[in-house]
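# Chains, contacts and geometry: an overview
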2 protein chains.
Amino acid sequence: MRVLVPFDAQSPKTRLSPVLDAEERVAFARAMCRDVVAAIQAAGHDPTVLATAPIDLGAAPVDVDDRPLTPAVNAALAEADLPVAIAMADLPLVTPAALDRLVGDPAEVVVAPGLGGGTNALVVRTDAFSVDFHGVSIRDHREAATTAGVDVSVVDSFRLALDVDEPDDLAEVLLHAEGRAREWLDSAGLSVAVREGRVTVTRTVEGGG
Amino acid sequence: MRVLVPFDAQSPKTRLSPVLDAEERVAFARAMCRDVVAAIQAAGHDPTVLATAPIDLGAAPVDVDDRPLTPAVNAALAEADLPVAIAMADLPLVTPAALDRLVGDPAEVVVAPGLGGGTNALVVRTDAFSVDFHGVSIRDHREAATTAGVDVSVVDSFRLALDVDEPDDLAEVLLHAEGRAREWLDSAGLSVAVREGRVTVTRTVEGGG
């Protein structure tokens, strides 16, 4: 299946600024995107990165669309032969097995919730559905599908639910991921720390990979 | 399968104090525990609440052990006929399907990661393994199983990963749960709010159910 991977090529992951500077955030965001692309390819699917600016991501084909996320994805859906899947570029825990569960669900629309009300991945098999990533999108996507009379299914995956936005999310990458993003964090000197009963990250050396 | 549900019957969920008072936290914690028990029963399994003090939880049998979590669970494991599963009492998103995936995994030890490095559910089929919930327990449990030469499997479930500790976690309950805990939050006047791009909860009326 074709899988779109929307990617902010310009100023990604600003909420990681307490632990990573701007250049590091760009490098880390690319490492995460390459992990997602690699997992899609390992699962036997066909990734296309939908980037806001021209970018070299190694093996992944890149389409450029400088519009915001929602219109860019809806335009790509309108042009594509369905079914099409969508997976966000900031899911460094994703595995081929998690993608198999997403793509293997036969519903007309399949959604994978993100922590905090987002939608981290979808499969769209009907042109009666369009995406809207604004606000509490997982609730909106479920309601929009129901309103359109479209069969919708929700995939239960921690690996798809964990998108990286804030420093504490990096602890999950260090605990559960094995790809480029994990290696990048290791080389940047980040490690898991426990603070007030929750895990977060601490940084022991300067400079990333 | 027998499923132990450890439950802090005395002062549960203190980190919810910004939105719920002490009496409300007790009521909400019991609602979550009853949801977990109901999901276990609906999945055809046999729950036993392992409570720190005598408590009435309706249909669920309760064993009392006032020791901390780790020794109480290890004592229960030592006395039980294996396999035994363990599911935390603060998993209001849990469904029979999520439990089926946990219990249906044939590994000697099956673990379900919690957000923040915890372990939210396990299946133990060998007496060569004991639990230790202190610190970053998901990493410790994986390492302990490997050290003991025990086959360990990790279940990928958002519904098992989401334990309720902080106010933002309540937004996930409002978005994804349907049981008593969700009803309790609704009746207490809590609803989903968006703040700085993340969901949290807001409270519009006083008094809980």
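Everything in this summary refers to the structure shown in the same document. Bear in mind that the values here come from a model prediction, so they are computed numbers and not experimental data. (Residues numbered from 1 in each chain as written. Chains lettered and ligands numbered in written order. Predicted model: local features only at pLDDT ≥ 70, side-chain atom pairs only at ≥ 80, totals over all residues. Heavy atoms only, no water.)

Moving on to unusual backbone geometry. Residue and element names in this part refer to chain A. With an omega of 5 degrees, the peptide bond running from Leu-82 to Pro-83 counts as cis. Looking at the element boundaries, Pro-83 is found in the loop between helix H2 (69-79) and strand E4 (84-87). Its identity is not glycine, yet Lys-13 carries a phi of approximately 60 degrees, on the positive side. Locating Lys-13 in the fold gives a position in the loop between strand E1 (2-7) and helix H1 (22-42). (Helix = DSSP H or I, 4+ residues; strand = E, 2+ residues; numbered from the N terminus.)

Let us look at the packing of aromatic side chains. Residue and element names in this part refer to chain A. Scanning all chains against the criterion turns up two aromatic pairs over all chains. For the pair Phe-28 and Trp-184, a centre-to-centre distance of 5.7 Å together with 50 degrees between the ring planes defines the contact as tilted. Here Phe-28 is found in helix H1, whereas its partner Trp-184 is found in helix H7 (residues 180-187), with 156 residues between them in sequence. Side by side, Phe-28 and Trp-184 carry an identical accessibility label, which is buried. (Phe/Tyr/Trp six-rings, centres within 6.5 Å; stacked < 30°, edge-to-face > 60°. Buried < 20%, exposed > 50% of the residue type's maximum accessible area, 1.4 Å probe, protein only.)

What follows is about the sheet that holds strand E5 (residues 109-113) of chain B. Residue and element names in this part refer to chain B. Ordered by their spatial adjacency, seven strands build an open sheet running E3-E2-E1-E4-E6-E5-E7, and the pairing between neighbours is mixed. Of all strands in the sheet, those bounded by a partner on one side alone are strand E3 (62-64) and strand E7 (152-154). Ignoring strand direction, the axes of neighbouring strands in this sheet form an average angle of 20 degrees. Relative to E3, strand E2 (residues 46-51) runs parallel, the two being bridged by three bridges. Paired with Ala-51 across the strands is Val-64, a residue of E3. (Pairing = 2+ DSSP bridges. Axes fitted to C-alpha atoms, helices over the stretch in contact; angles between N-to-C directions.)

Residues and elements named next belong to chain A. Here we have seven strands laid out as an open sheet, ordered E3-E2-E1-E4-E6-E5-E7, and mixed in their pairing. With partners counted over all chains shown, the strands left at the sheet margins are strand E3 (62-64) and strand E7 (152-154), one partner each. The sheet shows a mean angle of 20 degrees between the axes of neighbouring strands, taken without regard to direction. Inspection of the sheet shows E1 paired to strand E2 (residues 46-51) by six bridges, in the parallel sense. Bridge pairing in E2 places Leu-4 opposite Thr-48.

Residue and element names in this part refer to chain B. Locating Thr-48 in the fold gives a position in strand E2. There is a polar contact of 3.3 Å between the side chain of Thr-48 and the side chain of Arg-2. Residues in contact with Thr-48, not counting those within four places in the same chain, are Arg-2, Val-3, Leu-4, Val-5, Pro-61 and Asp-63. (Polar contact = N/O pair within 3.5 Å; in protein donor to acceptor, adjacent residues only side chain to side chain. Contact = heavy atoms within 4.5 Å.)

Next up on the list: the relation of the copies chain B and chain A. The two copies are related by a screw motion: chain B maps onto chain A through a turn of 180 degrees and a shift of 0.0 Å along the axis, at an RMSD of 0.0 Å. Taken together, the rotation and translation describe the operation of a two-fold axis. The residues that chain B uses at the interface reappear at the interface of chain A in 100% of cases, marking a shared surface. (Least-squares fit on C-alpha atoms with pLDDT ≥ 70 in both.)

Attention now goes to the pairing of strand E6 (residues 119-124) of chain A. Residue and element names in this part refer to chain A. Most of E6 sits out of view: six of its six residues are buried. Sheet topology places E4 next to E6; four bridges connect them, and they run antiparallel. The residue bridging Ala-85 from the neighbouring strand is Val-123, located in E6. Alignment of strand E5 (residues 109-113) against E6, held across five bridges, turns out to be antiparallel.

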